[in-house]
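# A look at the structure
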Amino acid sequence: MDKEEKKKIKDGLFLALSFILILWIVKLIEINFDISFIKYSMYPRKLSGLKGIITTPLIHENLMHLFNNSVPLFVSIIGIMYFFRKHAFQIFALIYLVTHFIIWLTAPQSFIIGASGLVYAYLSFLFFVSAFGSNKNMLALSLILIFAYGTMIWGIIPVNTNISWESHLIGAITGFVFAIFYKNKGPKEEKFDWEDEEEFDEEKNIDQMDDDEINEFIERNRKK
């Protein structure tokens, strides 16, 4: 593993752990001081609820709710940083803000808490940008996401009125749209030396070739 690879992993771990640490600190403050930050959550289409665009993902109902969101957030943030290091912070911030603004604009009016919408947005982005691209590592990540979080598809179906399935759906759609915009910004397909053989210079006079070059030239053109 070269220095560039190590730095991408290191930066991904730093961003993922920093963000998740903030979520856990917020929850532990609530538990330790027996308070609730629900008043800072999102309430759609109310000016007072606009602050939730920033704060909603930081507030969770309980430790299980927080844990269930922490794991996929950790994986997806590292994936974004690793494959889109140049644009990672931009992708992280834009998806964060756009997802929650659309939730505030369109979701039914009730207090919304949790990072679930963000989880769906980031995982959707990684899945679709992997599907659109040709990089083998990104495609492998896409398959891992399918197997690990494939059951999340049920989260966008309105089967539980206590869960903001609208947030999940909006997050998934937002991730898909951003994947379209960033599909050409990710890593390209790796080429191996044997795939990138140097072609003969067609302008080179055959009289200037030695016997080996002539034979190789004839062999290549015969196979075409």
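Residues numbered from 1 in each chain as written. Predicted model: local features only at pLDDT ≥ 70, side-chain atom pairs only at ≥ 80, totals over all residues. Heavy atoms only, no water.

## Here's the deal with the packing of aromatic side chains
Under the convention used in this document: Aromatic contacts are taken between Phe, Tyr and Trp rings whose centres are within 6.5 Å, Trp giving its six-membered ring; a plane angle under 30 degrees counts as stacked, one over 60 as edge-to-face, and the others as tilted. The secondary structure listing takes helices from DSSP runs of H or I that are at least 4 residues long and strands from runs of E that are at least 2 residues long, numbered from the N terminus. A 1.4 Å probe rolled over the protein chains alone gives each residue an accessible area, and that area as a share of the maximum for its type sets the label: buried under 20%, exposed over 50%, partly exposed in between.
The tally for this structure, following the rule as stated, stands at 15 aromatic pairs. For the ring pair F128 and F132, a centre distance of 6.3 Å and an interplane angle of 35 degrees mean the geometry is tilted. Note that F128 and F132 are positioned in helix α5 (residues 116–132) at a spacing of four residues, about one turn of the helix. According to the relative accessible area criterion, F132 is partly exposed, its value standing at 39%. Measuring from ring centre to ring centre gives 6.3 Å for F178 and Y182, while their planes differ by 10 degrees; the resulting arrangement is stacked.

## Things to note about a nonpolar patch on the surface
Short version of the rule: For patches, a residue must show more than 30% relative accessible area and have no salt bridge; joins then use 9 Å for like charges and 5 Å for nonpolar side chains, namely Val, Leu, Ile, Met, Phe, Trp and Tyr. Only the protein chains shown count as cover for residues, and all accessible areas are computed by the Shrake-Rupley method using a 1.4 Å probe. Salt bridge, as used here: a side-chain nitrogen of Lys or Arg that lies within 4 Å of a carboxyl oxygen of Asp or Glu.
Residues F132, I173, F176, V177, I180 and F181 make up a contiguous nonpolar surface patch of roughly 550 Å² in combined accessible area. If one sorts the elements of the nonpolar patch by residue count, helix α7 (residues 165–182) sits on top with five residues. Within the secondary structure layout, I180 lies in helix α7.

## Observations concerning the nonpolar core
Basically, it comes down to this: Only buried residues count toward a nonpolar core, which is a set of Ala, Val, Leu, Ile, Met, Phe, Trp, Tyr and Cys residues joined through side-chain atoms within 4.5 Å. Throughout, a contact is declared for two residues whenever any of their heavy atoms are within 4.5 Å.
Counting 40 residues, the largest nonpolar core has F19, L73, F84, Y122 and F125 as its most contacted members. Residue assignment for this core shows that the elements contributing at least two residues are α1 (3–33), α3 (63–83), α4 (88–106), α5, α6 (136–149) and α7. In contact with F125, other than residues within four places in its own chain, are I80, F84, I91, I95, G175, F178, A179 and Y182. The next biggest cluster of nonpolar side chains, apart from the first, holds seven residues, and it includes I103, W104, I112 and I170.

## Things to note about the pattern of salt bridges
Enumeration over the complete set of coordinates arrives at five salt bridges. The closest approach of N and O atoms between D11 and K7, which form a salt bridge, is 3.7 Å. Of this pair, D11 and K7 both sit in helix α1, four residues apart, which is roughly one turn of the helix. We classify K7 as partly exposed; its relative accessible area is 40%. In this structure, D11 engages R85 in a salt bridge whose closest nitrogen and oxygen atoms are separated by 3.0 Å. Taken together, the residues D11 in helix α1 and R85 in the loop between α3 and α4 connect sequence positions 74 residues apart. Each member of the salt-bridge network shares a partner with another, and the members are E4, K7, D11 and R85.

## Overview of the side chain of T56
Positionally, T56 belongs in the loop between α2 (52–55) and α3. Classification of T56 by relative accessible area gives buried; the value is 1%.

## A few points about the confidence of the model for the protein
For clarity, the threshold we go by: The pLDDT score gives, residue by residue, the confidence of the prediction method on a 0 to 100 scale.
Scored by pLDDT, the protein has a mean of 83; 79% of the residues are at 70 or more. For the protein, helix α8 (residues 211–223) is the element with the lowest average pLDDT, namely 62, and α4 is the one with the highest, namely 96. Confidence drops under pLDDT 50 across residues 191–200; counting only partners more than four residues distant or on other chains, this segment forms ten contacts.

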